[in-house]
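A structural walkthrough
Chain by chain, the residues run as shown.
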Protein chains: 2
Amino acid sequence: MSEDDAAASDGPEIAVCVVEPQTPGNVGTIARAMKNFGLEDLLLVNPPEIEPEGEAYGFAGHARQDILPGAEEVSFEDVCEQYHTVGFTAITGEDSSRHVRFPYTTPEELKADLKAVAGPVALVFGREDKGLSNEELEQLDQVAAVPASEEYPVMNLGQAATVVMYELRTLTLPDTQLPDVDRHRAGPEDIERLHDYWDDFLTAMGHREHKHEKTERMFRRLVGRAGATDREVTTLLGVLRRATDQLEDRRERLENVDEDDSLRR
Amino acid sequence: MSEDDAAASDGPEIAVCVVEPQTPGNVGTIARAMKNFGLEDLLLVNPPEIEPEGEAYGFAGHARQDILPGAEEVSFEDVCEQYHTVGFTAITGEDSSRHVRFPYTTPEELKADLKAVAGPVALVFGREDKGLSNEELEQLDQVAAVPASEEYPVMNLGQAATVVMYELRTLTLPDTQLPDVDRHRAGPEDIERLHDYWDDFLTAMGHREHKHEKTERMFRRLVGRAGATDREVTTLLGVLRRATDQLEDRRERLENVDEDDSLRR
């Protein structure tokens, strides 16, 4: 858990509603992302036929086991009545002169907004080709848009929904699959030990005196930025210790050779 | 531009590399997301046949015009040599004991990391079924993972790549399609005017004296949180002004009626 997952239970229940999806594949893609990001309720307004052997199930991954078979066919009006609704569109209003598509919320801002909403929330996505109509958007509580390229902002339905659920994940996931990296970071004492070993190593290798401190500073900055783990430091300590020992051992042996040499002369 | 888009030119060039994609559809999905988020260079290691009438082009949207036809077939080794490489996996190491999949970086952290990378960057994604092998990951500079459900963290290839590009968009997009909302927010003077009109309205409607101030505070808090636009305030000012006028007008006429009435008696 490197995320603020503790917040997961703070947010409202979040459902996904797709209005008149045209291709079952996109419904499957959305169901899979729901499973990936901890959402459960899929609401479909006037959907295409979804068959167990068809494309929707083909794209759904493990969501074929629960989310897809549990999808509810609903009316747009029921969703408006029973949920705090957020409608997504790639094309917002240009300014404040009309209220249908302006002001919009970004998924990032939405994450903060939804924490303050009591009721269940429905993220509402429109048709693949035309999205949500103005008449539909007018009935929804908020309008949101995924920031994308000015040149080509129109995302595929399944991809747009995936991005939104990814961004809202801290509201829906109690936990992620990721282990806590920070628990494995090397502590300050290990890091200081690493710098001591580095110091010994520089001395043993006969690093020129005037460069010694400068090289120590370089290494401190590099290690400081890298966020080393305990194990990485342990490995480096081993390498430096052994290199230093070898350097000292060989120097001694060379001194003995010199001595023998001078005795022999 | 509600985003910190100005940073777009600060980051390094970012390419996307897919290692042995099995389904052309995923290549098309990735190409579309690249176009949506301002990336251009698609590198394919041992890809399937990509035909102009096939699935890849079907899923690519406008990326069929440039990114998909411009995709380069490359060797994994060339990518490792020529790019700062980031390998993506849903399954990280559990702790620091091995260095292949730990420590990982999240896409969010990666955004900050990549600003400090000079060379061109390749985001490297693996096969649909098995991802990247340990032997491949060992050769890459960084490992990254999209945080997802503990229960089912494995995303579809195209969806995972889309999420990553979305998260890194401030490094690749000079501008988004979204107009600046903040330029359309109502200024403090408009807001104060709104509260004056609200005050007049409460007086005109004969709101009970002891509730007047409390209701003013309620309205100040609600408006304060909503981030009203100039136009929203203008519309509200019009509604309140007209309601207040009507209330005062009707009160006067009623007083006249009462006067007439009393004269008549």
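Residues numbered from 1 in each chain as written. Chains lettered and ligands numbered in written order. Predicted model: local features only at pLDDT ≥ 70, side-chain atom pairs only at ≥ 80, totals over all residues. Heavy atoms only, no water.

Residues and elements named next belong to chain B. Along its 35 residues, helix α10 (residues 230–264) runs 51 Å from first to last C-alpha, staying within 8% of the 51 Å computed at 1.5 Å per residue. Those residues of α10 lying buried are Val233, Leu237, Leu240 and Thr244. Lining the buried residues of α10 we find α8 (188–204). (Helix = DSSP H or I, 4+ residues; strand = E, 2+ residues; numbered from the N terminus. Expected span 1.5 Å × (residues − 1). Buried < 20%, exposed > 50% of the residue type's maximum accessible area, 1.4 Å probe, protein only. Contact = heavy atoms within 4.5 Å.)

Let's shift gears to a positive patch on the surface. The grouping of Arg208(A), Lys211(A), Lys214(A), Arg217(A) and Arg221(A) at the surface amounts to a positive patch. Here Arg217(A) shows up in helix α9 (residues 209–226). (Patch = residues over 30% accessible without salt bridge, like charges linked within 9 Å, V, L, I, M, F, W, Y side chains within 5 Å. Areas by Shrake-Rupley, 256 points an atom, 1.4 Å probe, with all protein chains shown as cover. Salt bridge = Lys/Arg side-chain N within 4 Å of Asp/Glu carboxyl O. Lys, Arg positive; Asp, Glu negative; His and termini not counted. Charge placed at Lys NZ, Arg CZ, Asp CG, Glu CD.)

Turning next to the packing of aromatic side chains. Residues and elements named next belong to chain A. Taken as a whole and judged by the stated rule, the model has eleven aromatic pairs over all chains. Centroid distance Phe88 to Phe125: 4.7 Å. Interplanar angle 10°. Geometry classified as stacked. Of this pair, Phe88 sits in strand β4 (residues 84–88) while Phe125 sits in strand β5 (residues 121–125), placing them 37 residues apart in sequence. The residues Phe88 and Phe125 share a single accessibility class, namely buried. (Phe/Tyr/Trp six-rings, centres within 6.5 Å; stacked < 30°, edge-to-face > 60°.)

The next point concerns the pattern of salt bridges. Residue and element names in this part refer to chain A. The tally for this structure, following the rule as stated, stands at 22 salt bridges over all chains. Note that Lys111 is salt-bridged to Glu167, the shortest N-O span being 3.3 Å. A residue pair is termed long-range when its members are at least 10 positions apart, and Lys111 in helix α4 (residues 107–115) and Glu167 in helix α6 (residues 157–167) qualify at 56 residues. Relative accessible area serves as the criterion here: at 5%, Glu167 is assigned to the buried category.

In this section: the pairing of β5(A). Residue and element names in this part refer to chain A. With respect to burial, β5 is a largely interior element, five of its five residues being buried. Here β5 shows no split at all, with Val121, Leu123 and Phe125 on one side and Ala122 and Val124 on the other all buried. In this structure, strand β1 (residues 14–19) lies alongside β5, joined through five bridges in parallel fashion. Pairing of Ala15 across the sheet is with Ala122, part of β5. Relative to β5, β4 is paired through four bridges, and the arrangement is parallel. By the bridge assignment, His84 is partnered in β5 with Val121. With α4 bridging β4 and the parallel β5, this β-α-β connection has right-handed handedness. (Pairing = 2+ DSSP bridges. Right-handed = clockwise from strand over helix to strand, strands pointing away.)

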